[in-house]
Amino acid sequence: MSRFIATPVNIREFIADTPFNRFHGWMLFWACFIITFDMYDLVVYGSVLPVLMEEWSLGPVAAGAIGSYGIFGMMVGAILFGILADRMGRRKVLTLSVVLFSVASALCGFAPGPEIFSVLRFLGGLGIGGILPCLIAMLSDYAPRGRANTLVAVLMCFFSVGGILAAFVAMFMLPAFGWHSVYWAAALPLLFLPWMTRFFLDSPAVLLEQGRMDELRSALAKVNPGAALPADAAFTGIAMKEAGSPVAALFTNRRALGTLMIWVAFFMCLLMINGLSTWLPKLMVETGYALNSSLTFMIVLNVGAIIGTLVLGRLSDMWGVKRVLVPMFVVSAVSLTLLGFGNNMAVLLLLVAVTGACTMGAQNISYSFVAQYYPSFMRSTAIGLASGVGRMGAILGPTFGGVLLTLGLPVQMNFVFFAIPGIIAALAFAFVPLAAGRTAGARKLRVPGERSLIDAAAPLR
């Protein structure tokens, strides 16, 4: 009697061998579109703040507190929705997050006072927090070989695009239609949601673990339409879900040290970035530059971040993420320290650009590192928790800078203290054990007629 032997299909290799095609392009396009409005919603508050303070008679403390509600919501949303995405599926959670931040932001334009406005800011922050873990995990899951870091780098650049969009929208709409209209514009993603969701895909690991084989076949066919899947395909190459919750899995199978070091790095890096973004103009004024020149430094910092993100993303695909991140954080600390001692404008602008590339740029690539370090079934959880811990540092960053200024230290020492978190971030990433990230949690998958295959994350090096 003949024995039926299924045709093995390694999901990871099937996806990796796919050339970048139209589907990848549309997936990346809509991801960038979402991130643009994600950042728009976050930063537009600063554009309308002077009007709101006058209209609602807000003091600086109350106005600052309202701004913090959105950031706090992002922290909670990143953790909560990151975990839910690995349980319910990324497609559902991503759609929910887009709807939540778009609706909450649009409703801010109808808020009658600061209390309702604050609640809506928090709800919008929840949605914003849930976006990034889903998008980065999805792009990493379905990226062709050697493209994952580049795709994430392109995505992260659109945070800066969103900030620029917020400034232009406020510039043109505030005088003509009032501050309410600036928030109504945030509802635009809802109009395109039916087109977006066609390019939202759940993790192959979740589809396989839940037995949703038709959806898995459909996803693979979309990503690689030129390759025919055999009717008797037995799918392999994906680490199956481990017992227990994805949160607990962050600390099992030799992942504990890597998880803790990643959290330390994210906390320190976002503390450094947010503190520097808040206080760089003031520090440069203290150094002796006029305010207009100091604001120029902020523009150069963000331009450096965009260029750095794209360059570091490509280098990470060529050399490995860790080999790029560790030296870049060291360079960021050195360039920050030198800022306090420079007196030539051209040299200072160069140092600021390098600082932007090696702080914001390296932090953007750090998300790609996390996505590749953990197996697919827990990827959104890992990104969400790392992002949430990082947000704690982001919240403390401006306070850290304020405390430094109150100490009355020499200006050079302020830059040195801002550089220290960069050194700590470099050391933390250096201690992340890559062997654990590649093999931990990998589960042998047997199919008739095939030797065992082990799913491993992309080589990080």
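These numbers come from a predicted model, not from an experiment.

A. Region of the structure containing the packing of helix α16 (residues 379-406) against helix α17 (residues 411-430). One way to put it is that α16 packs onto α17 with a least axis distance of 10 Å and a crossing angle of 150°. Relative to α17, the element α16 is oriented roughly antiparallel. Relative to α17, α16 is oriented so that their crossing is right-handed. On α17, the residues touching Phe400, Gly401, Leu404 and Leu405 of α16 are Asn414, Phe417 and Phe418.

B. Fine view of the packing of aromatic side chains. Overall, the coordinates contain 25 aromatic pairs when judged by the stated rule. For the ring pair Trp26 and Phe199, a centre distance of 6.1 Å and an interplane angle of 25° mean the geometry is stacked. In this pair, Trp26 sits in helix α2 (residues 22-55) while Phe199 sits in the loop between α8 (188-196) and α9 (204-209), placing the two residues 173 residues apart along the sequence. Plain terms: the ring middles of Phe117 and Tyr183 are 5.5 Å apart, the flat faces sit at 90° to each other, and that makes the pair edge-to-face. Residue Phe117 is located in helix α5 (residues 114-142), and its partner Tyr183 is located in helix α7 (residues 179-184); the two are separated by 66 residues in the primary sequence. An identical accessibility class is assigned to Phe117 and Tyr183; each is buried.

C. Main features of α8. Of the positions making up α8, those classed as buried are Pro189, Leu193 and Met196. The arc that holds every buried residue of α8, seen down its axis, measures 80°, which confines them to one face. Those residues of α8 that are exposed and aimed more than 90 degrees away from the buried face are Leu191 and Pro194. Of the surrounding secondary structure, the elements contacted by the buried residues of α8 are α2 and α4 (90-108).

Parameters at a glance
Residues numbered from 1 in each chain as written. Predicted model: local features only at pLDDT ≥ 70, side-chain atom pairs only at ≥ 80, totals over all residues. Heavy atoms only, no water. Axes fitted to C-alpha atoms, helices over the stretch in contact; angles between N-to-C directions. Helix = DSSP H or I, 4+ residues; strand = E, 2+ residues; numbered from the N terminus. Parallel < 35°, antiparallel > 145°, perpendicular 65-115°, else oblique. Left-handed = near helix turned anticlockwise from the far one by under 90°. Contact = heavy atoms within 4.5 Å. Phe/Tyr/Trp six-rings, centres within 6.5 Å; stacked < 30°, edge-to-face > 60°. Buried < 20%, exposed > 50% of the residue type's maximum accessible area, 1.4 Å probe, protein only. Arc of directions from axis to C-beta.

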